[in-house]
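Now for the letters of each chain:
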Amino acid sequence: MPDRAPASPKRRRRGAAARGVETDLGRTRRARRMLRTLETAFPHVYCELDFTNPLELSVATILSAQCTDKRVNEVTPALFRRYRTAADYAGSDREELESLIRSTGFYRNKARSIQGLGAALVEKYDGEVPPRLEDLVTLPGIGRKTANVVLGNAFGIPGLPVDTHVIRLVNRWKWAEGTDAVRIERELMQMLPKAGWTDASHRIIFHGRRVCHARTAACGACVLADDCPSAGVAGPLDPVAAASLVAGPERDHLLELVGLGEPA
C-alpha cells in the first residue's frame, strides 16, 4: 500500500492549533502570519464611526454601545451641529439630548454618560479630550475599549480596542481564550507589533463583519482558512455556499483572493 501523502505545511499548522498542541511561539507566529494576510485582504482600514475631532469620536463611541455604527452615523450629524464643545454637552438639556440620540438605544444612560463626560472634561482638562489612556478611563462613559478607539483614531497613538468582534474572532483563531476583554487585550499586545495595534483591531473587526460572521462564517471563502483552527466548524467549507455569505464593499476583492472572483 502506498504511503499516505503528507499534509501540506498549512494544514499541519492549522491542525496543531486545533489540537491544542501549539506552542506560545507558534501561536504568535501564526497570529502575525494571519495579520499579514488580513493586510492584503483589507489594505485600507479606518474607524467606521464618522468624526472630525477627539470629542466627536468619544461621543460617537459611547453611542455605539449596543448599536450599529451605521445608526450612530445617522444620528451624529445633527448631534454634532447642536453640541460643539464639552461645555455644550455639560450644559445640555437632558430631554433634548435624549431625543437626538434616542434611536441608538439605551439613550437615557448614554445621555447621562455624555453629559458627565462633558462636565468632567470642562472641570479637569479645560474642555479637551486627554490623549492618555490612564486619563481617558477615568471619564464617564469611557472604558478601555473606547479609550483605545480614541487614542488610535483621534490621536494616532497605538491602541488595541477589544470589542465583541475581536473577542469572537481571536477565540475562533485560538489566539486567546475567554471573554475577558482586558486580558485578551494584554495577550494581543504581547503578540502583535505595537505600531500596528490600531489597524490590527480594525482589520479583525472588518473581517468579522464581512467574512467571519457570528452565526455562520464564510469559511470556504476565507483568506485565513489555512491558518484557522475553526475553518469548517464556524461555517461551511463549500466555496459556493461560503461565497454567498461574504459581505461588504470589499466583497469582490476578498473573493478574488481565494479564487472565487467573477471571470473578467
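This text follows the structure it describes.
What comes next concerns the included structure.

Reading the values: the criteria
- Residues numbered from 1 in each chain as written.
- Predicted model: local features only at pLDDT ≥ 70, side-chain atom pairs only at ≥ 80, totals over all residues.
- Heavy atoms only, no water.
- Helix = DSSP H or I, 4+ residues; strand = E, 2+ residues; numbered from the N terminus.
- Contact = heavy atoms within 4.5 Å.
- Areas by Shrake-Rupley, 256 points an atom, 1.4 Å probe, with all protein chains shown as cover.
- Disulfide = S-S within 2.5 Å.
- Buried < 20%, exposed > 50% of the residue type's maximum accessible area, 1.4 Å probe, protein only.
- 1 Å grid on protein atoms, 1.4 Å probe; cavity = no way out; pocket = protein on both sides within 12 Å on 5 of 7 lines; lining within 4 Å.
- Points joined across faces, edges and corners; volume = space filled by probe spheres on them.
- Nonpolar A, V, L, I, M, F, W, Y, C, P; charged D, E, K, R; others polar.

Structural notes on the overall build of the chain
- Each helix and strand in the chain was counted, giving 14 helices and zero strands.
- Traced from its N-terminal end to its C-terminal end, the chain shows the element sequence α-α-α-α-α-α-α-α-α-α-α-α-α-α.
- Dimensions of the chain, computed from C-alpha atoms along their principal axes, come out at roughly 80 × 40 × 30 Å.
- Restricting to contacts in the chain with at least 6 residues of sequence separation, those with at least 24 account for 58%.
- Accessible surface computed for the chain: about 13,700 Å², of which carbon and sulfur atoms make up 51%.

Observations regarding the state of the cysteines
- Evaluation of the coordinates by the stated rule reveals zero disulfides.
- Left without a disulfide partner, C222 is nearest to the cysteine sulfur of C212, which lies 6.4 Å away.
- Look at C222 and you get buried, because its relative accessible area is 16%.

Focus on the layout of surface pockets
- Computed from the structure, the largest pocket encloses a volume of approximately 450 Å³.
- Every residue lining the largest pocket is counted, 22 residues in all, and those nearest its centre are S64, D69, K145, D163 and R209.
- Element by element, the count of residues in the lining of the largest pocket is highest for helix α12 (residues 197-210), at five residues.
- Of the residues assigned to the lining of the largest pocket, the class counts are nine nonpolar, eight polar and five charged.

Quick look at unusual backbone geometry
- Unusually for a residue other than glycine, F106 sits at a positive phi of about 50°.
- Counting through the fold element by element, F106 comes out in the loop between α6 (94-101) and α7 (107-125).
- What makes F106 exposed here is its relative accessible area of 54%.

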